[in-house]
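# Per-entry structural report
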Amino acid sequence: MSYGLPSEGTRRLRQGLGWLAVLGCLLAYALLLVLHGPPYWPGWWAAMAIVLAASFFLGRLFAPLLEWVIAGYRDAA
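Residues numbered from 1 in each chain as written. Predicted model: local features only at pLDDT ≥ 70, side-chain atom pairs only at ≥ 80, totals over all residues. Heavy atoms only, no water.

Turning our eyes to something else, we now look at the confidence of the model for the protein. Predicted confidence across the protein gives a mean pLDDT of 89, with 92% of residues reaching 70 or more. Taken element by element, the protein is modelled with least confidence in helix α3 (residues 63-76), mean pLDDT 84, and with most confidence in helix α2 (residues 43-60), mean pLDDT 94. (pLDDT = per-residue confidence, 0-100. Helix = DSSP H or I, 4+ residues; strand = E, 2+ residues; numbered from the N terminus.)

Laid out in structure tokens, this is it:
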């Protein structure tokens, strides 16, 4: 899956994309709370926490795509 790229780079890319997704989700939540106020049902806080935790793993799914693009640029050079 690494297309000849170092495994340490793959690990760092996955971590970086995961945390970037969490940060994006947190910013979206902050904007939502500022514009619409707190949720009307307390259970939404739990749902938001689950989505926030899932965003870390969903962000990591983009690592193979970015590695594929990087490998394509390296092959062209």
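From this point on, the discussion continues.
Moving on: helix α1 (residues 7-36). Its 30 residues place the ends of α1 43 Å apart at the C-alpha level, agreeing with the 44 Å of an ideal helix rising 1.5 Å per residue. Restricting attention to buried positions, one finds in α1 the residues Thr10, Leu17, Gly18, Val22, Cys25 and Tyr29. Buried residues in α1 make contact with α2 and α3. A positive backbone phi angle near 85° is found at Gly37, which sits one or two residues after α1. (Expected span 1.5 Å × (residues − 1). Buried < 20%, exposed > 50% of the residue type's maximum accessible area, 1.4 Å probe, protein only. Contact = heavy atoms within 4.5 Å.)

What follows covers the environment of Leu35. For Leu35, the location among the structural elements is in helix α1. Take Leu35: its relative accessible area is 60%, and that puts it in the exposed class.

Now for the packing of α1 against α3. Here α1 crosses α3 at 130°, and the two axes come no closer than 10 Å. When the axes of α1 and α3 are compared, the pair comes out oblique. The element α1 and its partner α3 pack so that their crossing is right-handed. Contact residues: Thr10, Leu13, Arg14 and Leu17 in α1; Ala63, Leu66 and Glu67 in α3. Of the residues that constitute the contact of α1 with α3, the class distribution is four nonpolar, one polar and two charged. (Axes fitted to C-alpha atoms, helices over the stretch in contact; angles between N-to-C directions. Parallel < 35°, antiparallel > 145°, perpendicular 65-115°, else oblique. Left-handed = near helix turned anticlockwise from the far one by under 90°. Nonpolar A, V, L, I, M, F, W, Y, C, P; charged D, E, K, R; others polar.)

Next up on the list: the pattern of salt bridges. Using the criterion set out here, one finds two salt bridges in the structure. Note that Glu8 and Arg11 form a salt bridge whose closest N and O atoms lie 2.7 Å from each other. Residue Glu8 and its partner Arg11 are both found in helix α1; the two are separated by three residues, about one turn of the helix. Residue Glu8 is classed as partly exposed on the basis of its relative accessible area, which comes to 35%. (Salt bridge = Lys/Arg side-chain N within 4 Å of Asp/Glu carboxyl O.)

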